[in-house]
Amino acid sequence: MAFQDKTLKCKDCGKDFVFTAGEQEFYAEKGFENEPARCRECRGNRRRGRDGEGQTTQREMHEAVCAECGVTTQVPFKPRNDRPIYCRDCFIAKKEQ
């Protein structure tokens, strides 16, 4: 099957982009049935979890006290009392044991 470049319109930014013959061949090999709906830039932004302005969203951080050394640290999850929380240094040290 001979593929030819196609011009598609991005559903996010509205710009035209080329769906190359090579990309079409790759899609066919992988069994993908749908053509891409977004240009390469918008796909990349979406993958990285960025909004339309290119700003990354900050993770909500929570304060916790390290169970090993007692220092106050920040963790990206809500601490629970059923498991110990470690600062970065203690976590790495425990991981290497």
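Further up the page is the structure itself.
**Q** When you look at the nonpolar core in this model, what are you seeing that I'm missing?
**A** A general trend in soluble globular proteins is that nonpolar side chains are found buried together. Grouped together as the largest cluster of nonpolar side chains are seven residues: L8, C10, F17, F19, Y27, C39 and C42. Those residues in contact with F17 that sit more than four places away from it in its chain are K6, T7, L8, K9, C10, P36, A37, R38 and C39.

**Q** What is the right way to look at the layout of surface pockets in this model?
**A** Which parts of space are left empty comes out when a probe the size of a water molecule is rolled across the atoms. Quantified by volume, the largest pocket comes out at close to 400 Å³. Every residue lining the largest pocket is counted, 18 residues in all, and those nearest its centre are V75, P76, F77, Y86 and F91. For the lining of the largest pocket, a count of residues per class yields 11 nonpolar, two polar and five charged.

**Q** Before we go on, may I ask you to explain the environment of Y86 in this structure?
**A** Topologically, Y86 is positioned in the loop between β4 (72-75) and α3 (88-96). Distance from Y86 to F26, taken between C-alpha atoms, is 45 Å for residues 60 residues apart in sequence. Beyond its immediate stretch of four places on either side in the chain, Y86 contacts C66, A67, E68, T73, F91 and K94.

**Q** Sorry, what's going on with the pattern of salt bridges here?
**A** In a structure, side chains of opposite charge can pair up when their charged atoms sit close to one another. Using the criterion set out here, one finds six salt bridges in the structure. Of the charged contacts in the structure, one is a salt bridge between R80 and D82, with a shortest N-O distance of 3.1 Å. Judged by relative accessible area, which is 56%, D82 ranks as exposed.

**Q** Just to check I follow, could you spell out the pairing of strand β2 (residues 16-19) for this structure?
**A** Across a regular strand the side chains alternate sides, sitting on one face of the sheet and then on the other. Residues F17 and F19 point to one face of β2 and are all buried, whereas D16 and V18, pointing to the other face, are not buried. The pairing of strand β1 (residues 6-9) with β2 spans four bridges and is classified as antiparallel. When the sheet's bridge partners are listed, L8 is paired in β2 with F17. The turn linking β1 back onto β2 is made up of six residues, and G14 within it adopts a positive phi angle of 80 degrees.

**Q** Just to check I follow, could you spell out helix α2 (residues 40-47) for this structure?
**A** Because an α-helix completes one turn every 3.6 residues, residues spaced three or four positions apart along the sequence face the same direction. All of the buried residues along α2 are C42, G44 and N45. Within α2, the buried residues cover an arc of 160 degrees as seen down the axis, which keeps them to one side. The exposed residues of α2 that point more than 90 degrees off its buried face are R40, R46 and R47. Positive phi shows up at G49, right after α2, with a value of about 75 degrees.

What counts and what doesn't
- Starting afresh in each chain, residues are numbered from 1 along the sequence in its written order.
- A pLDDT threshold of at least 70 governs which residues receive local features in this predicted model, and a stricter bar of 80 or more applies before side-chain atom pairs are shown or counted, although totals over entire chains, interfaces and linings include all residues.
- Neither water nor hydrogens contribute to the side-chain values; these are computed over all heavy atoms in the structure.
- Residues belong to a common nonpolar core when they are buried Ala, Val, Leu, Ile, Met, Phe, Trp, Tyr or Cys residues joined through side-chain atoms within 4.5 Å.
- Burial classes: relative accessible area under 20% of the type maximum marks a residue as buried, over 50% as exposed, and values in between as partly exposed (1.4 Å probe, protein chains only).
- In this analysis, two residues are considered to be in contact whenever any of their non-hydrogen atoms come within 4.5 Å of each other.
- Of the two site types, the cavity is a set of points on a 1 Å grid over the protein atoms alone where a 1.4 Å probe fits but cannot get out, and the pocket is an open set with protein on both sides within 12 Å along at least five of seven lines, each lined by residues with an atom within 4 Å of a point.
- Grid points are joined across faces, edges and corners, and a volume is the space filled by probe spheres set on the points.
- Following the grouping adopted for this structure description, the nonpolar residues are Ala, Val, Leu, Ile, Met, Phe, Trp, Tyr, Cys and Pro, the charged ones are Asp, Glu, Lys and Arg, and the polar ones are all others, Gly among them.
- Each helix is a run of DSSP H or I of at least 4 residues and each strand a run of E of at least 2, with the numbering of both proceeding from the N terminus.
- One speaks of a salt bridge when a side-chain nitrogen belonging to Lys or Arg is within 4 Å of a carboxyl oxygen belonging to Asp or Glu.
- Note on pairing: DSSP must find at least two bridges between two strands before they are called paired.
- In this context, the arc is that of the directions from the helix axis out to the C-beta atoms.

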